[in-house]
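This is what each chain is made of:
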Amino acid sequence: MIPLPLSTVAELTGGTVTGLPPDGPEPVVRGPVVIDSREAVPGALFAALPGERADGHDFAPAAFAGGASAVLAARPVDGPAVVVPDVQEALGLLARGVLARLPDAVVTGVTGSAGKTSTKDLIAQVVERAGPTIAPVGSFNNEIGLPLTALRADEGTRHLVLEMGARGIGHIAYLCGIARPAIGVVLNVGSAHLGEFGSREAVAQAKGEMVEALPASGTAVLNADDPLVAAMASRTEAQVVTFGRGPDATVRAVDEDLDEAGRGRFTLVTPEGEAKVALRLAGAHMVPNALAAAAVARAAGMGVADVADALSAAGPRSRWRMEVTDRPDGVTVINDAYNANPESTRAALDVLAHLARGRRAFAVLGEMAELGDTSVAEHAKIGQHVARSGVAGLVVVGDAAAPVAEGAAQVAAWTGELVQVDDVGAAVTALSGRLRPHDVVLVKGSRVAGLERVAAALLPEAAGPDGAAPDAPAGGARA
Ligand SMILES: Nc1ncnc2c1ncn2[C@@H]1O[C@H](COP(=O)(O)OP(=O)(O)OP(=O)(O)O)[C@@H](O)[C@H]1O
Ligand SMILES: [Mg+2]
């Protein structure tokens, strides 16, 4: 973060400075800006947000004890503060004000129904070869996580890669008002949060706010293979660059295949030249994500050879998305338990089928949340898909996922075993009695299903330190 005297924080947020000692020097905020008082260090600004269980203002003393210079607050606290009408809104205003002072930082925004974090992580690992880059680990894609990330930028920052999520119309426009992208990526329009949006057209309307926010000098990066995304070209003044597998895309993949571990390999073709890419991430669905990253890097001035090299070196940065781990007994676990919707579940099942050639496959599936009216039908379709793929075992976890079991049971030709359990513990028990060396297991469900705990039980050494969500974005999930 760039250092800001408290009076400047007040100016940028429309707030009032309170709680200054009578004749001490004016505090200077040097960052980071934190919303958890335990993360306060000397120079930090602690934003006191109302939480679900607690009020951030109660933690102001803890933040000061940690060294915080000041608090961004809705009412005076016992120490230096900038008092604003709405702390969350003020975070956005502060980030906007800071970015206005950093004209050399190129903002890239990434939105879409599925793959935002995966793509953001790829973009960051490519453009950081061209200059200092700020990008969050995990999602951080909402009205709190996005400004917190943007506020990490300083004079040295050349690339700021931001994920932008939405639960409704106007959300992306709001985020673009905080950090206006020069490069805006729309990945796809799918069924994530369809329940809230009502229709795919409404999802497209919301995601397209990204390209509407771009300046005429900017670049819209659009998926040529997704008609609702390609149609967004008419909603922007910016230059349009497309990516995809078809012959008409500006940046495309040809000669694509998957290696034995399910990782995409392809020739990256651009107007300037081509180069071979071998991804380190499993799943054919990572190929369009990589193409989007290549289109961003190209817009940022990188050459095709550098881009291909960086994509081939890029690893997973955010947890529980297609983490493929081999156990000592040869069992392969695919932990894709961060979230789930029909598109990403099919993509993950494709990887399972690919890895399982000649081996027994197990799918452990939980609920795909927030699908609205289509929920039962979509779960049933996934069940049919799993059964047709010929898995040896399907473990359906929780009541909300029950239609998956019903769908699978309708496939008469399927000879695998169907197991329905109530919870994670029962799923682990069911698996441990069935798994044999060299089997392949996919674990997949929405965040509420918490199936990463199944993966953790199957892979004790690889589990995270405390089992906590590594990147649950403050303020709720968005697509
Ligand atoms: N292009 C894609 N198409 C379909 N599924 C994808 C794609 N890219 C990633 N996925 C899968 O979607 C799931 C979520 O991926 P990721 O976290 O990157 O998406 P996200 O859009 O950031 O999600 P969220 O809305 O929760 O922030 C993972 O299972 C991942 O493997
Ligand atoms: Mg995300």
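Refer to the structure printed above.
Residues numbered from 1 in each chain as written. Chains lettered and ligands numbered in written order. Predicted model: local features only at pLDDT ≥ 70, side-chain atom pairs only at ≥ 80, totals over all residues. Heavy atoms only, no water.

### A short note on the coordination of the magnesium ion (ligand 2)
- Those donors, T117 (OG1), S139 (OG) and E163 (OE), are the protein atoms that reach the magnesium ion (ligand 2), and they lie 2.1 to 2.2 Å from it.
- Between consecutive donor residues of the magnesium ion (ligand 2), the sequence gaps follow T-x21-S-x23-E. In this pair, T117 is assigned in helix α4 (residues 116-127) and S139 in the loop between β9 (133-134) and α5 (145-150), connecting sequence segments 22 residues apart. Just as T117 is buried, S139 falls in that class too. (Donors = N, O, S within 2.8 Å, 3.2 Å for Na, K, Ca; no water. Helix = DSSP H or I, 4+ residues; strand = E, 2+ residues; numbered from the N terminus. Buried < 20%, exposed > 50% of the residue type's maximum accessible area, 1.4 Å probe, protein only.)

### A look at the packing of α4 against helix α11 (residues 286-299)
- Running from N to C, α4 and α11 cross one another at 40°; their axes reach a closest spacing of 9 Å. As far as their axial angle goes, α11 and α4 are oblique. Handedness of the α4/α11 crossing: right-handed. Every residue of α11 that contacts α4 at S118, T119, L122, I123, V126 and V127 is listed here: M286, N289, A290, A292, A293, V296 and A297. (Axes fitted to C-alpha atoms, helices over the stretch in contact; angles between N-to-C directions. Parallel < 35°, antiparallel > 145°, perpendicular 65-115°, else oblique. Left-handed = near helix turned anticlockwise from the far one by under 90°. Contact = heavy atoms within 4.5 Å.)

### Let's talk about the pairing of strand β16 (residues 273-282)
- With seven bridges connecting them, strand β15 (residues 263-270) and β16 associate as antiparallel partners. Paired with T267 across the bridge in β16 is K276.
- Connecting the antiparallel pair β15 and β16 is a turn made up of two residues. (Pairing = 2+ DSSP bridges.)

### So, helix α3 (residues 87-100)
- For α3, with 14 residues, the first-to-last C-alpha span of 20 Å sits near the 20 Å given by 1.5 Å per residue.
- Along α3, the residues classified as buried are V87, A90, L91, G92, L94, A95, G97, V98 and L99.
- With a side-chain oxygen lying 3.0 Å from the backbone nitrogen of Q88, the N-terminal cap of α3 falls on D86. (Expected span 1.5 Å × (residues − 1). Polar contact = N/O pair within 3.5 Å; in protein donor to acceptor, adjacent residues only side chain to side chain.)

### Thoughts on the packing of α3 against helix α6 (residues 171-178)
- The contact between α3 and α6 brings their axes to 8 Å, and the two run at 45°. In terms of their interaxial angle, α3 and α6 are classed as oblique. Taking contact as the criterion, the partners of Q88, E89, G92, A95, R96 and L99 in α3 are, on α6, Y174, G177 and I178.
- Of the residues in the contact of α3 with α6, the class split is four nonpolar, three polar and two charged. (Nonpolar A, V, L, I, M, F, W, Y, C, P; charged D, E, K, R; others polar.)

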